[in-house]
Every structure is written in C-alpha cells, then in structure tokens.
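Take a look at the letters that make up each chain.
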Amino acid sequence: MTTYERFKQSHGARLLRRGTLKFLQYALLIGLSYYILSPLLLKIATSFMTESDLLDSLVVYIPREFTLWNYRRAAEFLNYWEALRNTALISLTAGLIQMLVCSLVGYGLAKFKFKGRGLVMAVVFFSIITPPLTYQPSMYLHFRYFDVFGIIEATTGSTINLLDSLWPLLILSVTGFAFKNGLYIFMMMQFFRGFPEELEEAAYVDGYGVFRTFFRIILPNSIPMLITVFTFAFAWQWTDTFYTSMFFSRIKTLSNMLSRGFEGMTVDGHAMALSAGQPLTIALGGTYSLMVIVPLIIVYIFTQRFLTQGIERSGIVG
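Residues numbered from 1 in each chain as written. Predicted model: local features only at pLDDT ≥ 70, side-chain atom pairs only at ≥ 80, totals over all residues. Heavy atoms only, no water.

## Looking at the overall build of the chain
Stage number 1. The helix and strand inventory of the chain stands at 15 helices and zero strands.
Stage number 2. Within the chain, the fraction of its 318 residues that count as buried is 38%.
Stage number 3. Accessible area for the chain stands at about 19000 Å²; split by element, carbon and sulfur atoms hold 67% of it. (Helix = DSSP H or I, 4+ residues; strand = E, 2+ residues; numbered from the N terminus. Buried < 20%, exposed > 50% of the residue type's maximum accessible area, 1.4 Å probe, protein only. Areas by Shrake-Rupley, 256 points an atom, 1.4 Å probe, with all protein chains shown as cover.)

Here it is as structure tokens:
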C-alpha cells in the first residue's frame, strides 16, 4: 500500500468517526428536545381541540375539528383580560423598582467599605437561602396591621390594612426584600466587582459625586445586567402565587386565577358542571396556562440577547 493510499484510508476513517460523532450528538439533541418540548406541544394541540377530540384516543397532536372555544371560555371564566392588566402593572412596577434598588445596593456592597457591610451581606445571603414560608405569617400580620414603630396607631388610634393593594409589594421592592431580591443583589454585586474602576475615577476627577457617577456613568454601562435583573424580577412576579395569594383576595392576577381552576364552570349545551379530572377541564387549564406564559415568551424573545450577556458578565457561572 502506497503512502497516498494509507493517508486516504486514515483520512476516510477520521471522517467516518467525525460523522458518527456528529450524528450521535444531533440524535441526542433531537431526542432531548422532543422529551422537553413534547408536553408543551401536546398542551398546544389540546388547546385547539373540541370535547369530542379530547375524548377520542386516536386524536393526539392534530385535532380533527380546529376550534378556539377553549381560549374564549378560559378567558371569559377566569377574567383573563382584567387579570392580565393587573399582572402586567404589578410585574412591571415591581420589576423596575427591584432593578433600580438591587443595582444600587449591589454597587454599594461591591465598591465601598463601610461599617456594617458584613452584616448587610449576611442579610442578603440569609434572604437567599431562607424559605419564604418561614416568615410568611409575620409578613402577613405586618401588612394586615401595618404600623411604623407604633406612630400610626398612636396618632390615628388604629393600624392600616394594606392587604388588597399594591403597597405590600411596593414596600418590599423599595426596601430590597421582595421575592428573590437577595439573588438580584448578589448578581449586581458580582457584576460591579468587575466594572472598570478607571471610569469611576475619571468621573470623580470631573467633579461627579457618588450618586451622579452611579446614575450617569455606571447605569448606562450596565444595560445588559439591568435588563437581566428586570427580566428575572418580571418573570418571577408574573407567575408568583406566594405573595399574590397572601396579599390579594380581590385583586385578580393570572396566577391566582389559574389556581382557581375550572371546577363548577357550566359548559354551553351541557346539563352538568365541569369537575376536576375531566378531559375538558384539563384542556381548559392547559389553555389558560398557555395564555399566561405567552407574554413571558414575548418578553424573552426581546431580551434573550441581554440575558446571555448579563449572566456571563455577572460572574455567577463558569
């Protein structure tokens, strides 16, 4: 065998191994993608099915009779548009406040040495690892009988009931104790630790103070991280049931309405009401859950590039 033939044979073997490895990689990715996406695809398919299709075992992914009945009835029974408006207002407001507060606290912890810094960081980490259920009763009582060092009761004779208003979430967001705020502060702190100090020094030379430097220099150069924190805060608040179920009994939100379910809903043309476990009840619940996550998917489409940059620059991975 000549040298050329040996080279050609070894080159062909390398190409075969490389092709086999690529095939196995793509097969694994396709299999995992199908395993992850199949429940979502099935939920999307059932949302367009009639009750007869749901009861037909031969109908799986492609409905025989395409219908939007499930979407109309789910939106009507669970007040989708009102809940969507309330959830968007709450999530947008809380997300913006948490983004600003967490960035300010994270910047202070990352760049300044002061008395009590260790205590503040301990509180931040404690809020990350502590389950919210441990302080749920005290938090509920605090906002049910809201007072500031007894001043309100001393001057008015009674406390203030802040439940069924936005005030509990606003107060928690402003004070840095809202849902997952400890994680956001840690992310911002890690990000600001790697921020170039030359920019700050140049701003101080030009006569900028600390807050002016933060708002005029630091924040405009931290857009990816700010959007990352805002997206996380917005998404977690959007699907939150812990705070909304605790603070809201009359304010309708998407997560609270979804937990309400469809039991007791009378179906057009049916003499009996829906009950748990019926195929139509399950389909309506899946349809409403899709209506809940669609706005989050839209937000992710517009922010996913910044999310990748923010997570990479935060220093919490890798």
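Resuming the write-up.
## Quick look at the nonpolar core
Stage number 1. Formed by 48 residues in total, the largest nonpolar core has its most connected members in Y80, F192, W238, L254, Y288 and M291.
Stage number 2. Breaking this core down by element, the ones donating at least two residues are helix 3 (69-77), helix 4 (80-111), helix 5 (117-129), helix 9 (181-193), helix 11 (210-218), helix 12 (223-238), helix 14 (254-260) and helix 15 (279-314).
Stage number 3. Dropping the residues within four chain positions of it, Y288 is found in contact with A74, L78, Y80, A83, L254, M257, L258 and F262.
Stage number 4. Listed in part, the 15 residues of the second largest apolar core include I90, F146, L162 and A178. (Core = buried A, V, L, I, M, F, W, Y, C linked by side-chain atoms within 4.5 Å. Contact = heavy atoms within 4.5 Å.)

## Brief notes about helix 11
Residues three or four positions apart in an α-helix share a direction because the helix packs 3.6 residues into each turn.
Stage number 1. Burial in helix 11 covers these residues: T213, F214 and I218. Viewed end-on, helix 11 has its buried residues packed into an arc of 100 degrees, placing them on one side of the element. Turned more than 90 degrees off the buried face of helix 11, the exposed positions are F211 and R216.
Stage number 2. Buried residues along helix 11 sit in contact with helix 4, helix 9 and helix 10 (197-205). (Arc of directions from axis to C-beta.)

## Some details on the packing of helix 4 against helix 9
Stage number 1. Packing of helix 4 against helix 9 brings their axes to within 7 Å, and their N-to-C directions diverge by 50 degrees. With respect to helix 9, the element helix 4 is oriented oblique. In terms of crossing hand, the pair formed by helix 4 and helix 9 is right-handed. Within the contact between the two elements, helix 4 uses Q98, C102, S103, V105, G106, Y107, L109, A110 and K111 and helix 9 uses N181, Y184, I185, M188, M189, F192 and R193.
Stage number 2. Split into classes, the residues belonging to the contact of helix 4 with helix 9 amount to 10 nonpolar, four polar and two charged. (Axes fitted to C-alpha atoms, helices over the stretch in contact; angles between N-to-C directions. Parallel < 35°, antiparallel > 145°, perpendicular 65-115°, else oblique. Left-handed = near helix turned anticlockwise from the far one by under 90°. Nonpolar A, V, L, I, M, F, W, Y, C, P; charged D, E, K, R; others polar.)

## Some words on a positive patch on the surface
Stage number 1. Together, R14, R17, R18 and K22 give the surface a local cluster of positive charge.
Stage number 2. Looking at the element boundaries, R17 is found in helix 1 (residues 3-46).
Stage number 3. Of the residues examined, R17 reaches a relative accessible area of 54% and is grouped as exposed. (Patch = residues over 30% accessible without salt bridge, like charges linked within 9 Å, V, L, I, M, F, W, Y side chains within 5 Å. Salt bridge = Lys/Arg side-chain N within 4 Å of Asp/Glu carboxyl O. Lys, Arg positive; Asp, Glu negative; His and termini not counted. Charge placed at Lys NZ, Arg CZ, Asp CG, Glu CD.)

## Side note on the environment of F211
Stage number 1. Inspection of the secondary structure puts F211 in helix 11.
Stage number 2. Between the alpha carbons of F211 and L104 there is a distance of 9.3 Å; along the sequence they are 107 residues apart.

## Digging into the packing of aromatic side chains
Stage number 1. What the rule picks out here adds up to 20 aromatic pairs.
Stage number 2. An aromatic cluster is present here, built from Y107, F112, F191, F192, F214 and F215 joined pairwise through their rings.
Stage number 3. Between R144 and the ring centre of Y145, over which it is positioned, the NZ or CZ distance is 4.6 Å.
Stage number 4. Geometry around Y208 places R212 over its ring, the cationic atom sitting 4.1 Å from the centre. (Phe/Tyr/Trp six-rings, centres within 6.5 Å; stacked < 30°, edge-to-face > 60°. Lys NZ or Arg CZ within 6 Å of the ring centre and 35° of its normal.)

## Digging into the pattern of salt bridges
Opposite charge on two side chains permits them to pair, given that their charged atoms come into close proximity.
Stage number 1. In this structure the tally under the stated criterion is three salt bridges.
Stage number 2. In this structure, K111 engages E200 in a salt bridge whose closest nitrogen and oxygen atoms are separated by 3.3 Å. Here E200 lies in helix 10 and K111 lies in helix 4, a separation of 89 residues in the sequence.
Stage number 3. A residue is classified by how much of its surface remains accessible, and E200, at 6% relative accessible area, is buried.

## Comments concerning the layout of surface pockets
Stage number 1. If you add up the space inside the largest pocket, you get close to 530 Å³.
Stage number 2. Looking at the lining of the largest pocket, the elements that each hand over two or more residues are helix 5, helix 8 (167-175) and helix 9.
Stage number 3. The element contributing the most residues to the lining of the largest pocket is helix 5, with six residues.
Stage number 4. For the lining of the largest pocket, the class distribution of residues is 16 nonpolar, six polar and one charged.
Stage number 5. Within this model, the second largest pocket holds a volume of roughly 230 Å³. (1 Å grid on protein atoms, 1.4 Å probe; cavity = no way out; pocket = protein on both sides within 12 Å on 5 of 7 lines; lining within 4 Å. Points joined across faces, edges and corners; volume = space filled by probe spheres on them.)

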